[in-house]
Amino acid sequence: MAASVREKQAAALKRMLNFNAPPLKNTAAEPVWKVLIYDRCGQDIISPLLAVKELRDMGITLHLLLHSDRDPIPDVPAIYFVMPTEENIDRICQDLRSQLYESYYFNFISAISRSKLEDIASAALSANAITQVTKVFDQYLNFITLEDDMFVLGNQNKEFISYHAINKPDIMDTEMEAIMDTIVDGLFCFFVTLGTVPIIRCPRGNAAEMVAVKLDKKLRENLRDARNSLFTGDNMAASQFSFQRPLFVLADRNLDLATPLHHTWTYQALIHDVLDFHLNRVSMDESVWSESTPAGARPKKKNKKSYDLTSADMFWQKHKGSPFPEVAESVQEELDTYRAQEDEVKRLKSIMGLEGEDEGPISSISMSDNTAKLTSAVSSLPELLEKKRLIDLHTNVATAVLDHIKTDLDQYKKALLDTGCDLSPVNYIKQWKAFTKIAATPSNYGNSGVKPMGLFSRVMNSGSQFVMEGVKHLVLKQHNLPVTRILDNLMEMKSNPETDDYRYFDPKMLRGSESSIPRNKNPFQEAIVFMVGGGNYVEYQNLVDYTKAKPGKRVLYGCSELFNAGQFIKQLSSLGQK
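Our subject in this report is the structure included herewith. (Residues numbered from 1 in each chain as written. Predicted model: local features only at pLDDT ≥ 70, side-chain atom pairs only at ≥ 80, totals over all residues. Heavy atoms only, no water.)

## Concerning the overall build of the chain
Move 1: When helices and strands are counted, the chain shows 19 helices and 15 strands.
Move 2: Counting over 578 residues, the chain shows a buried share of 48%.
Move 3: Pairs at least 24 apart in sequence give 77% of the contacts found in the chain among residues at least 6 apart.
Move 4: Counting every atom, the chain has about 28,600 Å² of accessible surface; 52% of that belongs to carbon and sulfur. (Helix = DSSP H or I, 4+ residues; strand = E, 2+ residues; numbered from the N terminus. Buried < 20%, exposed > 50% of the residue type's maximum accessible area, 1.4 Å probe, protein only. Contact = heavy atoms within 4.5 Å. Areas by Shrake-Rupley, 256 points an atom, 1.4 Å probe, with all protein chains shown as cover.)

## Section: the sheet that holds strand β3 (residues 73-82)
Move 1: Strand order in the open sheet formed by five strands is β2-β1-β3-β4-β5, and the pairing between neighbours is parallel. The open sheet terminates on both sides in strands that have one partner only, identified here as β2 (60-65) and β5 (133-138). This sheet shows a mean twist of 20 degrees between the axes of neighbouring strands, independent of strand direction.
Move 2: This element, helix α4 (residues 86-98), spans β3, β4 (101-108) and β5 of the sheet and lies at about 165 degrees to β4. (Pairing = 2+ DSSP bridges. Axes fitted to C-alpha atoms, helices over the stretch in contact; angles between N-to-C directions.)

## Observations regarding helix α5 (residues 114-126)
Side chains of residues three or four places apart in an α-helix project in the same direction, reflecting 3.6 residues per turn.
Move 1: In this model α5 runs 18 Å from its N-terminal to its C-terminal C-alpha over 13 residues, within 8% of the 18 Å that 1.5 Å per residue would give.
Move 2: Taken as a whole, α5 has its buried residues at K116, I120, A123 and A124. The buried residues of α5 occupy an angular sector of 100 degrees when projected down its axis, which confines them to one face. Opposite the buried face of α5, at more than 90 degrees from it, the exposed residues are R114, L125 and S126. (Expected span 1.5 Å × (residues − 1). Arc of directions from axis to C-beta.)

## Considerations on the packing of helix α1 (residues 5-17) against helix α7 (residues 173-194)
Move 1: Running from amino to carboxyl end, α1 crosses α7 at an angle of 90 degrees, the nearest separation of the two axes being 9 Å. Taken as axis vectors, α1 and α7 run roughly perpendicular relative to one another. Contact residues: V5, K8 and Q9 in α1; F190, T193 and L194 in α7.
Move 2: A class-by-class count of the residues in the contact of α1 with α7 yields three nonpolar, two polar and one charged. (Parallel < 35°, antiparallel > 145°, perpendicular 65-115°, else oblique. Nonpolar A, V, L, I, M, F, W, Y, C, P; charged D, E, K, R; others polar.)

## Some remarks on the packing of aromatic side chains
Move 1: One pass over the full model with this rule turns up 22 aromatic pairs.
Move 2: Between Y540 and Y557, the ring centres sit 6.4 Å apart and the planes meet at 40 degrees, which makes this aromatic pair tilted. Separated by 17 residues along the polypeptide, Y540 in helix α18 (residues 537-548) and Y557 in strand β15 (residues 554-559) bring together distant segments of the chain.
Move 3: Using a relative accessible area of 1% as the deciding quantity, one classes Y557 as buried.
Move 4: Ring geometry for F563 versus F568: centroids 4.7 Å apart, planes at 20 degrees, classification stacked. Across the pair, F568 and F563 agree in class, each one buried. (Phe/Tyr/Trp six-rings, centres within 6.5 Å; stacked < 30°, edge-to-face > 60°.)

## As for the packing of helix α17 (residues 482-491) against α18
Move 1: Remark: α17 packs on α18, axes separated minimally by 9 Å, with the N-to-C direction vectors making an angle of 40 degrees. By the angle between their axes, α17 is oblique relative to α18. For the pair α17 and α18, the sense of crossing is right-handed. Only E539, N542, L543 and Y546 of α18 make contact with α17, whose side of the interface consists of V483, T484, L487, D488 and M491.
Move 2: Its residues assigned to classes, the contact of α17 with α18 shows five nonpolar, two polar and two charged. (Left-handed = near helix turned anticlockwise from the far one by under 90°.)

## Examining the pattern of salt bridges
Move 1: Under the criterion given, the structure shown has 26 salt bridges.
Move 2: The salt bridge partner of R503 is E209, with a shortest N-O separation of 2.8 Å. Placement of R503 in strand β13 (residues 503-505) and of E209 in helix α8 (residues 207-224) is noted, with a sequence separation of 294 residues between them.
Move 3: The buried category is assigned to R503, whose relative accessible area is 8%.
Move 4: A residue is classified by how much of its surface remains accessible, and E209, at 16% relative accessible area, is buried.
Move 5: As a salt-bridge pair, D308 and R281 come within 2.7 Å of each other at their nearest N and O atoms. Here D308 is found in strand β12 (residues 300-308), whereas its partner R281 is found in strand β11 (residues 281-289), with 27 residues between them in sequence.
Move 6: A relative accessible area of 38% means that D308 is categorised as partly exposed.
Move 7: A relative accessible area of 40% places R281 in the partly exposed class.
Move 8: What emerges from the salt-bridge pattern is a single network uniting R6, E147, D148 and K320. (Salt bridge = Lys/Arg side-chain N within 4 Å of Asp/Glu carboxyl O.)

## Quick notes on unusual backbone geometry
Move 1: A positive phi angle, near 50 degrees, is found at Q99, a position not held by glycine.
Move 2: Summarising the element assignment, Q99 is placed in the loop between α4 and β4.
Move 3: Q99 sits in the partly exposed class, given a relative accessible area of 31%.
Move 4: Phi at M493 takes a positive value of approximately 60 degrees, unusual for a residue other than glycine.
Move 5: Considering the arrangement of structural elements, one finds M493 in the loop between α17 and β13.

## Side note on the sheet that holds strand β6 (residues 144-147)
Move 1: Taken in spatial order, the seven strands of this open sheet run β6-β7-β15-β14-β9-β8-β13, and their pairing is mixed. Because the sheet does not close on itself, it has two edges, and the strands there are β6 and β13. Between one strand and the next, the sheet's axes are offset by a mean angle of 20 degrees, whatever the strand orientation.
Move 2: Sitting on the sheet, α1 is in contact with β6 and β15, with an inclination near 135 degrees to β6.

Take a look at the structure:
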């Protein structure tokens with residue numbers, strides 16, 4: 001199967017970091033240890049893709065921010081992964097003059113200009129460090145991959161390319177040009193990493209069209225220089241879209257302002273909606289219940305906890321798009337399976353006299369059989385411990401989500417009653433209140449001796465059937481959101497008034513295209529959708545569901561920034577105040 005954009009970006013990072021890998025075991029050579037120096041942008045790109053353990057396996061013993069206070073380590077090579085900004089170049093020049101490291105490998109996230117390269121060369125010359133500058137690379141990795149089929153451009157600079165920045169009424173032409181150039185640079189890097197030149201479609205008369213025009217020009221100029229083109233050779237041959245070029249649909253946030261304001265019941269979108277979910281890491285206040293205080297008067301303490309929700313977490317991969325009550329049931333099933341395995345290990349240990357009282361004489365046959373079973377159980381212990389860790393993780397995250405649901409429902413009920421409405425949701429809320437009371441028992445499974453597990457075991461016994469019946473009234477029936485509907489029209493080459501006037505760009509054509517008539521008449525199998533002005537997990541999940549219903553189709557979703565309903569409404573409010 002072709003590599004995903006996540007795999008391609010991770011592979012590029014590993015090539016950058018693993019220029020001199022540690023030798024194999026049983027060899028006399030010493031491994032080469034390295035220092036990784038990154039700025040905030042570099043840190044954001046690396047963190048969703050490579051764990052600390054993976055960095056250590058590649059010999060990275062230290063990873064430090066460029067603008068932090070760093071001591072000289074004269075015998076160690078340093079790998080830099082930074083944006084080529086004036087501030088960063090000045091600090092690199094200062095590092096050269098201070099002779100901080102044995103050698104320097106400069107990797108720039110986007111292409112560095114000739115004038116900035118000359119600044120580095122001058123600093124290296126004045127510091128007598130020319131031979132220490134080993135390599136200089138343009139990596140073209142200026143985007144953040146969150147999923148195999150999802151990426152985002154803005155994080156450190158998201159205010160600069162935000163919906164508010166693009167749509168503010170007093171924006172200057174020079175500001176808009178700078179915003180569009182920043183977005184285009186990130187998209188160009190994305191397609192260089194992907195190794196493909198797309199067919200571009202966009203609506204007319206908005207920011208999406210401005211991005212399309214600039215991206216078409218940038219791709220065309222690079223293809224024109226055959227010697228230095230980034231879309232030839234191994235990179236192009238390795239493209240996951242080698243049999244057919246992908247469709248690239250640029251959409252403007254203004255085409256659908258309602259969807260970002262929706263609250264959803266799918267697990268991933270709900271976490272992003274109510275918790276601090278950032279670059280695949282969820283941070284939250286975790287309740288710690290004191291056992292020393294009397295029953296009925298146990299105050300909650302708050303600890304800040306963070307969890308990484310990654311592709312290695314198979315439960316997350318399976319259920320991130322599931323409705324929240326289904327997630328609760330699945331966690332309960334995982335817990336039951338774990339308990340059964342744990343009880344089996346305890347039983348075997350007890351039978352063999354390794355734990356508790358001896359249960360009497362054991363025949364040699366049963367002893368041999370039980371020994372084999374215990375050996376098998378012990379060998380699976382790491383897998384069992386990992387399963388327990390994931391159960392703990394999702395129990396704690398789901399409990400925090402449920403706390404927010406309860407609070408929001410209380411506020412919703414009060415608002416309805418205050419307005420004198422006699423609406424059916426009130427009765428539904430009362431039932432939900434009963435459900436949240438069922439789930440109110442502290443769930444510290446994995447953190448203390450409190451057994452287990454207020455949220456899920458009681459819901460399964462008392463309330464899950466109702467929850468599943470009730471939530472289906474809140475979860476929208478499966479339908480295509482505006483961006484998915486537009487994508488379907490363009491991928492299937494359907495004639496539709498909504499998309500018939502979309503502009504068409506083919507950067508491989510020698511002359512620019514001003515036509516809205518596609519030259520390609522065959523349906524597309526692969527597409528990338530990019531939302532200029534910001535996107536959300538609701539649209540992403542809708543596109544995932546769309547591809548599941550279309551065997552053989554593959555769709556990637558990207559956006560200039562990723563926001564939830566609360567963050568988006570703040571931007572809309574600030575525009576209204578102007």
